[in-house]
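The chain contents come next:
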Amino acid sequence: MRLRRTAALAILLAGLGCGGGGGAPAASPGGSAGASTAARRYRFAVIPKSLDLPVFNYARVGAERKAKELGNVDILWRGPETADQLRQKEILESFITQGVDGIAISSLNGDFLTETIDRAIAAGIPVVTWDADAPKSKRIAFYGVDDLAAGRIMGEQAAHLLGGKGSVAVITSVGAVNLERRLAGVREVLAKQPGMKIVEVYDIKEDPVRCAEIISSGGRRYPDLGAWISVGGWPVFTRNALESVDPAKTKFISFDTIPPAPDLLREGKVQVLIGQKYFGWGAEPVRILAEYKAGKPPATPIIDSGVDVVTAANVDEYVAAWKKLEAGQP
């Protein structure tokens, strides 16, 4: 596990810079994408799952930084106020009608959006998915974590913390492809642990406000619960969601490392965090779209950003690297 943490942190320190992420190297203004597209200005629509989840703010920063670096790209940032797949589809359709030059979207429900994404492609508008894929669509690329592998890491961490024995409750949001795959990875690992059992899977419906209620009621229902696993970052987006958890009795493993998550880990309320390439969510799709418009399609349709496994052993180093990313430093 020490090797995994070290490797993951090395990726964070070396890979993103101003939000470049973990895929192919970003083109500089003097490189192929910048030079090839200088004769024309492009409008790229970037659509998050929702505007009320703070994790997506970093994607916007990454997209705008990359656009500024390229010099000929305007970012149109728009998403549903809350997690509403119908509203997200309407926004996607509106950008197709406007005839934007490219679209980057984090799919609330990939299957639900597949037909609309394919319509954009048919209209000559390249689409890149990020964070959450629409794998059945004709999108030109997906940038994000290997969610199945990330789920396995979470299951392994739970087994390690509990010594292979204990009950586990899981928090997810039904419908998103990325979250379904993370849950599948958790199940796969824990199924191999005869002393461990998933007692319940809770659907939070992408609503972090419900977190404290779910965790509190779950703790009362399962007083001997060994661990919570949250395949999304909802419990660590605020400071009070974990108030009902006794870390001496129940461990907590969660996706996402944005503030205040590192503080919660330092305080012992969370034992393991799984970080993503938040700035890269915006920067890499913009880079991919710019290069595509310049005649350079992505080398592979799946670009695995990798994850960061953050624990008490490396949280200080991670936070120092994070502060550099926020400041836009390489």
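Here, the structure is the one placed above.
Residues numbered from 1 in each chain as written. Predicted model: local features only at pLDDT ≥ 70, side-chain atom pairs only at ≥ 80, totals over all residues. Heavy atoms only, no water.

A. Highlighting the packing of aromatic side chains. Counted according to the given criterion, the structure contains 11 aromatic pairs. The interplanar angle of 70° and the centroid separation of 5.5 Å between the aromatic rings of Y58 and F279 together place this pair among those described as edge-to-face. Of this pair, Y58 sits in helix α3 (residues 57-70) while F279 sits in helix α10 (residues 278-293), placing them 221 residues apart in sequence. In terms of burial, Y58 and F279 fall into one category: buried. Ring centres of Y202 and W228 lie 5.6 Å apart, and the angle between their planes is 40°; this geometry places the pair in the tilted category. Placement of Y202 in strand β7 (residues 196-203) and of W228 in strand β8 (residues 227-230) is noted, with a sequence separation of 26 residues between them. Judged by its relative accessible area of 11%, Y202 is buried. Taken together, the aromatic side chains of F56, Y58, W130, Y278, F279, W281 and W322 make up a single cluster linked through ring pairs. Cation over ring: K89 sits above F112, and NZ or CZ is 4.8 Å from the ring centre. (Phe/Tyr/Trp six-rings, centres within 6.5 Å; stacked < 30°, edge-to-face > 60°. Helix = DSSP H or I, 4+ residues; strand = E, 2+ residues; numbered from the N terminus. Buried < 20%, exposed > 50% of the residue type's maximum accessible area, 1.4 Å probe, protein only. Lys NZ or Arg CZ within 6 Å of the ring centre and 35° of its normal.)

B. A look at the sheet that holds strand β2 (residues 73-77). The six strands lie next to each other as β2-β1-β3-β4-β5-β11, forming an open sheet whose pairing is parallel. With one partner strand each, in any of the chains shown, β2 and β11 (302-304) form the two edges of the open sheet. Taken pair by pair, the neighbouring strands of this sheet meet at an average axis angle of 20°, ignoring direction. In terms of strand pairing, strand β5 (residues 141-144) meets β11 through three bridges, oriented parallel. Among the inter-strand pairings, F142 is bridged to a residue of β11, identified as I302. Of the strands in this sheet, β1 (42-47), β2 and β4 (127-130) touch α3, which is tilted by about 165° from β2. The sheet contacts of helix α5 (residues 110-122) involve β3 (102-105) and β4, and relative to β4 the element is tilted by about 145°. (Pairing = 2+ DSSP bridges. Axes fitted to C-alpha atoms, helices over the stretch in contact; angles between N-to-C directions. Contact = heavy atoms within 4.5 Å.)

In short, the description is geometric, and any link to function would need to be established separately.
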